[in-house]
Each structure stands twice: as C-alpha cells, then as structure tokens.
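Structural overview
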Amino acid sequence: DSGVTQTPKHLITATGQRVTLRCSPRSGDLSVYWYQQSLDQGLQFLIQYYNGEERAKGNILERFSAQQFPDLHSELNLSSLELGDSALYFCASSPGRQETQYFGPGTRLLVL
Amino acid sequence: GESVGLHLPTLSVQEGDNSIINCAYSNSASDYFIWYKQESGKGPQFIIDIRSNMDKRQGQRVTVLLNKTVKHLSLQIAATQPGDSAVYFCAEKNSNSGYALNFGKGTSLLVTP
C-alpha cells in the first residue's frame, strides 16, 4: 500500500458525460500527479500540482482539468467524454519537489 | 520526439534464476531514472531509482545499472520468485519534463516454477 488513495475504483459512464476522479496523496506529500494508462499509449503524464498550484502540464486534453485543494487532495475532471477516454487513471504523489512518485491504485474508467 | 522504450516486451524466467529487464532512453538530458512494478489491477509500485551521476545502485534483490554512454538502463532481479511476475516499467525525468516522469511501454515478466 503506497498510502495514496483514489476513488472511485471503477467508473462506467456514457459518451458526452462528465466525471470527477478523486485522489488523496500520502500524508505530508505536497505534489500530486495525474497519469493516464491506456493499452496503446502506456502511462502518459497529464498534469502536476504542487501545494495547490499547477506546476506542469503534459498530454492533457482541454476537456480535462484538475485542481488541488487546501487539504492537498486533488480532483481530475473529465468532460464531454469520448470512447477513447476509457483508460486507467492514476494519481501519484511525492514529498515535495522530489522525483520519487508513489502511485495510487487507480480509477478504471469505461466510457460506453 | 524523445522517448523511453524497452527492448523486450515479454520475458519468461524460471523460479530461482536471475532476471534482467532492459530499457533504452533517447534523451541525453535525462538525469533521473526509476523502475516500477505493476501487478494486474494495481498501480505502479516503486522498486528502485538511480540518478545520472551513478552507474549502479542496489536494493533488496534488485540492482539497477545505468550506462549513459549508450543510454541504457537495466533492472536485475536476483533469485526471481513467482511474486515477481508483473509488468515492469522504466521511467525517466529530464530537465525539460520538470518533475513529470516519462514512461516506457513496459516489459511483462513471467516467472515459471
């Protein structure tokens, strides 16, 4: 157990819908990262937050957004969902500006 | 673009043997490397990391070797056990990626009795 928690574990929704994925980092970790894992693209970095502020953006679609709250938990919002958004979404956290990231168990999203 | 890739997509080893998983990277500015293990239905689990100023680092039953000359990284697992069966990912960080990790495609390790 990495100490990173994610909810929900599974999510099934329809195209065009909007969902919110939640992540709680390890106690004391200030950085939160979101990754998408699909069969054809592997693990892709989406976005990073550090102590409430956005710090880095990767291959995140404009339909996707995230935020980190004062209690350091983070939410990833996915809107106007498409079939191709079906994937595993992982959250990771790190103590500060250190590189070692610890991953949560993921949320499996299925868009029908 | 820059990429991190794996030589072997699948590796089958017998229990008790040593395993070697390879990874190539293309960005000469990569300064930090990390190996993760991912079991089915779970998130990536940290195994070991190494910085670019090192050539070798050892952990419990695992060793990571870094050859910056040929941009190659390997993970050695000693006395492989059935519980080591999983997908292994290498990832790298460079000055352009900030603190984001760039992952390779993964190698599936199967340990047979």
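Quick summary incoming for the structure in this document.

Residue and element names in this part refer to chain B. Within the secondary structure layout, Ser30 lies in strand E4 (residues 30-38). We classify Ser30 as buried; its relative accessible area is 6%. In terms of polar contacts, Ser30 uses its side chain to reach the backbone carbonyl oxygen of Asn27, at 2.9 Å. At a separation of 2.6 Å, a polar atom in the side chain of Ser30 contacts the side chain of Glu92. Among all residues touching Ser30, those that are not within four sequence positions of it are Tyr25, Ser52, Glu92, Lys93 and Asn94.

Here we take up the environment of A:Gly96. All names here are of chain A. If you trace the backbone, Gly96 turns up in the loop between strand E9 (87-94) and strand E10 (102-103). Residue classification places Gly96 among the buried positions, given a relative accessible area of 9%. Each C-alpha atom, one on Gly96 and one on Gly28, is 8.7 Å from the other, the two residues being 68 residues apart in sequence. For Gly96, the residues in contact, after removing those within four places along its chain, are Ser31, Tyr33 and Tyr50.

Rules used throughout
- Residues numbered from 1 in each chain as written.
- Chains lettered and ligands numbered in written order.
- Predicted model: local features only at pLDDT ≥ 70, side-chain atom pairs only at ≥ 80, totals over all residues.
- Heavy atoms only, no water.
- Helix = DSSP H or I, 4+ residues; strand = E, 2+ residues; numbered from the N terminus.
- Buried < 20%, exposed > 50% of the residue type's maximum accessible area, 1.4 Å probe, protein only.
- Polar contact = N/O pair within 3.5 Å; in protein donor to acceptor, adjacent residues only side chain to side chain.
- Contact = heavy atoms within 4.5 Å.

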